[in-house]
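Observations on the model geometry
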Amino acid sequence: MTADYRAIFTENGSLYGNEYIVPDPLTTEFRLRFQTAEECTPRVLKVLEIMIPEEAPIYCEGYQMLSLTAGTFGHPRQTGRIDEVRDYRLYDSRDGILGANFFAFYADGLWHLVGATSCTETDIFFRKSSGVLEIYWELGDITVAAGSEYESEYICFLTGSSRDEILDEYARRINVRMPPLSGRRDTGWCSWYAYYAGITEARIRENLDIMAAEWPELRIMLIDDGYQPFMGDWLESSERFRSGVKLISEDILARGKCPALWISPFIASGGSRLFREHRDWFIQGDDGVPLAAGDITYGGWRDTPWYLLDTSVYEVREHLARVFRILRRDYGISCFKLDACYFGALPGARSSRPGVTWISRYRLGLTAIRRGAGEDACLIGCNAPLWPSLGLLNVMRLGDDAERRQERAVLNCEMLRYRYWMADMFWTMDPDAILTAPLEGTPPPETAVRVMTAQAYALGGMLMLGDPLGGTGFPGGERFFRMLFGQVRDRKRAVPVNRALTVFRNDAGAVTVFGGNSGEPLAAYRGMFRVFAGRAAAEEDAVPAGDAEILVPEGLLRNL
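Attention here is on the structure that accompanies the text. (Residues numbered from 1 in each chain as written. Predicted model: local features only at pLDDT ≥ 70, side-chain atom pairs only at ≥ 80, totals over all residues. Heavy atoms only, no water.)

Digging into unusual backbone geometry
Rule in force here: Numbering of helices and strands starts at the N terminus; helices are DSSP runs of H or I of at least 4 residues and strands are runs of E of at least 2.
With an omega dihedral of 5°, the bond running from T304 to P305 counts as a cis peptide bond. Looking at the secondary structure, you find P305 in the loop between helix 5 (273-277) and strand 18 (306-308). Not every positive phi belongs to a glycine, and Y196 is a case in point at roughly 50°. Tracing the backbone through its elements, the reader meets Y196 in the loop between helix 2 (192-195) and helix 3 (201-214).

Let's talk about the sheet that holds strand 26 (residues 511-514)
Let me state the cut-off plainly: At least two bridges found by DSSP between two strands is the condition for calling them paired. The criterion used for residue contact is that any of the two residues' heavy atoms lie within 4.5 Å. Inter-axis angles, ranging from 0 to 180 degrees, are taken between N-to-C directions of lines fitted to C-alpha atoms, where helices are fitted over the stretch in contact.
As summarised here, the arrangement of the 6 strands in space is 24-25-26-31-28-29, forming an open sheet in which the pairing is antiparallel. For this open sheet the edge positions go to strand 24 (495-496) and strand 29 (535-536), each flanked by a neighbour on one side alone. Alignment of strand 28 (residues 529-530) against strand 31 (residues 548-552), held across 2 bridges, turns out to be antiparallel. Bridge pairing links R530 to L551 in strand 31. Relative to strand 26, helix 9 (residues 446-459) is tilted by about 140°, and along the sheet it contacts strand 25 (503-505), strand 26 and strand 31.

Description of the environment of Y418
Tracing the chain through its elements places Y418 in helix 8 (residues 406-418). Along the backbone, Y418 and A500 are 82 residues apart, and their C-alpha atoms lie at a distance of 9.8 Å. Setting aside anything within four residues of it in sequence, one finds Y418 in contact with Y59, L68, A70, R77, T79, R163 and L501.

Things to note about helix 7 (residues 358-373)
Defined as follows: By this rule, a helix spans an expected 1.5 Å times one less than how many residues it contains. When a residue's accessible area, from a 1.4 Å probe over protein chains only, is under 20% of the maximum for its type it is buried; when over 50% it is exposed; and in between it is partly exposed.
With 16 residues, helix 7 should cover 22 Å at 1.5 Å per step; its first-to-last C-alpha distance of 23 Å lies within 8% of that length. Among the 16 residues that make up helix 7, 13 are buried, leaving the element largely enclosed by the rest of the structure. A positive backbone phi angle near 105° is found at G374, which sits one or two residues after helix 7.

Brief notes about the packing of aromatic side chains
Put simply, the rule is: Pairing of aromatic side chains requires ring centres within 6.5 Å, counting the rings of Phe and Tyr and the six-membered ring of Trp. Pairs whose planes differ by under 30 degrees are stacked, by over 60 edge-to-face, and all others tilted. Lysine and arginine charges are scored as sitting over a ring when NZ or CZ, respectively, is within 6 Å of the ring centre and within 35 degrees of the ring normal.
Using the criterion set out here, one finds 34 aromatic pairs in the structure. For the pair F125 and Y136, a centre-to-centre distance of 5.1 Å together with 10° between the ring planes defines the contact as stacked. One end of the pair, F125, is in strand 11 (residues 123-129); the other, Y136, is in strand 12 (residues 132-138), and 11 residues separate them in sequence. Exposure class is identical for F125 and Y136. Each is buried. On the basis of an interplanar angle of 65° and a centroid distance of 6.5 Å, the ring pair of W189 and Y195 is categorised as edge-to-face. For the pair shown, W189 and Y195 are each scored as buried. Cluster of aromatic residues (ring-pair linked, three or more members): Y59, F102, Y170, W387, Y418, W421, F426 and W427. The aromatic ring of F73 is capped on one face by K128, whose charged end is 4.8 Å from the ring centroid.

Thoughts on the pairing of strand 11
Within strand 11, 7 of the 7 residues are buried, which leaves the element mostly enclosed by the surrounding structure. Neither face of strand 11 is left uncovered, since the one carrying D123, F125, R127 and S129 and the one carrying I124, F126 and K128 both have all their residues buried. Looking at chain direction, strand 8 (residues 97-100) and strand 11 are connected through 3 bridges and run antiparallel. Along strand 11, the bridge assignment pairs G99 with F126. Bridge analysis of strand 11 against strand 12 gives 7 bridges, and the strand direction is antiparallel. The residue of strand 12 that forms the bridge with D123 is E138. Between the end of strand 11 and the start of strand 12, which pair antiparallel, lie 2 residues, with S130 showing a positive phi angle near 55°.

Concerning the pattern of salt bridges
Test applied: Each salt bridge in this description consists of a side-chain nitrogen of Lys or Arg and a carboxyl oxygen of Asp or Glu lying within 4 Å of one another.
Tallying each qualifying case throughout the model produces 46 salt bridges. Residue D92 pairs with R94 through a salt bridge whose shortest N-O separation is 3.4 Å. Assessed through its relative accessible area of 58%, D92 is described here as exposed. For R350, the salt bridge goes to D286, with nearest N and O atoms at 2.2 Å. On the criterion of sequence distance, the pair formed by R350 in the loop between strand 19 (335-338) and helix 7 and D286 in the loop between helix 5 and strand 18 is long-range, its members being 64 residues apart. Taken together, the salt bridges that share partners define one network made up of R81, D400, E403, R405, E407 and R408.

What about the packing of helix 8 against helix 9?
Put simply, the rule is: Any angle from 65 to 115 degrees is called roughly perpendicular, while one under 35 is roughly parallel, one over 145 is roughly antiparallel, and all others are oblique. Two helices that cross are described as forming a left-handed crossing if the nearer one is turned anticlockwise from the farther one by less than a right angle, and a right-handed crossing if clockwise. Amino acids are sorted into nonpolar (Ala, Val, Leu, Ile, Met, Phe, Trp, Tyr, Cys and Pro), charged (Asp, Glu, Lys and Arg) and polar (every other residue, Gly among them).
Packing of helix 8 against helix 9 leaves a shortest axis separation of 8 Å and a crossing angle of 20°. With respect to helix 9, the element helix 8 is oriented roughly parallel. Viewed along their axes, helix 8 and helix 9 form a crossing whose handedness is left-handed. Judged by residue contacts, Q406, A409, N412, C413, L416 and R417 of helix 8 engage T447, A448, V451, M452, Q455 and L459 from helix 9. Its residues assigned to classes, the contact of helix 8 with helix 9 shows 7 nonpolar, 4 polar and 1 charged.

As for helix 1 (residues 163-177)
How we decide: In protein, a polar contact means a hydrogen-donor-capable atom and an acceptor-capable atom, both N or O and within 3.5 Å, with residues adjacent in sequence counting only if both atoms are side-chain atoms; elsewhere, any N or O pair within 3.5 Å suffices.
With 15 residues, helix 1 extends 22 Å from end C-alpha to end C-alpha; this agrees with the ideal 21 Å at 1.5 Å per step. Looking only at helix 1, the buried set comprises R163, I166, L167, E169, Y170, A171, R173, I174 and N175. Residues of helix 1 that are buried sit in contact with strand 5 (58-61), strand 9 (102-107), strand 10 (110-116), strand 13 (148-160) and helix 8. A distance of 3.3 Å separates the backbone nitrogen of D164 from a side-chain oxygen at the start of helix 1, and that oxygen is part of S162.

Considering the pairing of strand 20 (residues 378-381)
On any regular strand, side chains alternate: one points to one face of the sheet, the next to the other face. Stated formally: Crossovers are described as right-handed under a simple rule: with the strands pointing away from the observer, the path leading from the first strand over the helix to the second runs clockwise.
Burial along strand 20 is two-sided: C378 and I380 facing one way and L379 and G381 facing the other are all buried. Examined bridge by bridge, strand 19 and strand 20 share 4 bridges and lie parallel to one another. When the bridges of strand 20 are listed, K337 appears paired with I380. Crossover connection from strand 19 via helix 7 to parallel strand 20: handedness right-handed. When strand 20 meets strand 21 (residues 395-397), the two strands line up parallel, connected through 2 bridges. Directly across from I380, in strand 21, lies its bridge partner V395.

What to know about the environment of L463
Mapping L463 onto the fold places it in strand 23 (residues 463-465). Among the residues examined, L463 registers a relative accessible area of 0% and is labelled buried. Residues L463 and T453, 10 residues apart in the sequence, show an inter-C-alpha distance of 9.4 Å.

Regarding the sheet that holds strand 22 (residues 428-430)
Pairing is parallel in the open sheet, where 8 strands are placed in the order 22-21-20-19-16-15-14-23. Because the sheet does not close on itself, it has two edges, and the strands there are strand 22 and strand 23. For this sheet, the mean angle separating the axes of adjacent strands, direction not counted, is 25°. The sheet contact formed by strand 16 (residues 258-263) and strand 19 spans 4 bridges and is parallel. What sits directly across from A260, in strand 19, is C335.

Shown next as structure tokens:
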């Protein structure tokens, strides 16, 4: 599967490199290395160019969770909602950016992949220019002394006939460099999609009563935002949580459930006590004044302006460790949803400590959080930089926020189908919450609910409900959902059985079908039970575009 980087491609493609890519004598991989006679700060280096056919299908990850690119090399299609150049101002605002971390394409009957197998200090990104794929190495503010060299990340070049095999081989190589943590498959309830920032202590207790009495299948109760007075003041309570999170957490534990808490650990709002008392703990601009996130990237979604904690500072890391130690030891919380992680690893935000890059700063921060929360705590990454998070999180959100809209359900489903191969390899997958109930009187489209449910079933991982627990409504009936939640710990991700990534099959023989652009016929599965339709599949059946179906064989149906 592996070939020398000078000879991977056939006559329709060529590859030529330079002195920045150096073979590693002990492996079939390569190091990125820069040498200099005079002291310099390279910042960004173009390390490689690859000629790729315009019609070649491609797949390229974004730097962070909300972006990935598919389509063809001639017509790349942004699948994620976020344009990292336009919306986040990454890559020094270069045009033609396709993404970061790794790039794969299909040509001459083979899949080809070039990607980083480590990401501890720097990263690589990809740009299309005049029909050529350009690969860049981003070094940030690293200064290389005169007469010395800087050697950083590993990269590999893979080729093979199967997309799945090449991605699995790539994942295995990454895991050698950055070993994954044990994941955590679990079930629960999330407050955000039921109440958003309008959550109150009374609403938490109301849903706890229902959860304890009627939902033994749900284990985690996630208080998702709204409990704190300001972003950054995580140990203080807002007026809507007068009893405090500590007492509520104790009550959740007493009812046999596991309390979980949402935190955005790397940011604080301008009104927070943390920012007012420790302005020197934050990323500074050239003028020595703390930078607001909106000065250099997306500014945040509420309680703005956000400021960026500088986790290269020892006192900041001790602060984070202390916060999570208190939440774990004194509050009894062992599961944490870490949101806005991207802001802890923001390229262009300079650390105050020399030699600490944006990526190593982020990893220092996550390590401090782990030290406080405990080795057995479950850390869920959200809005995170993907490769910089490798080996440090148990669970990862790999799609956008759930919404009660058809367009968002379809978008999320496509993103998660592209990223299915990461599940159980790097992290347990968090497909976000399933939303089945009306919000403010408006119910979600039934097709959207089916798509959300099908993707969670096919791709495994965490399984959360996001409805007020007094008013859920499930396609295919409540029995199937209770079975789904009850068996979540035993499930593994399904694997695709077609190149379009519209049909997935799991170990038990169940098939999940997503309607492609022109729908997906079910003739090959006639006789299998259609969970959402509530009957056996017939010869003429099809799953329309934007819809989904779960089919189970007769033997599995009896077990269910």
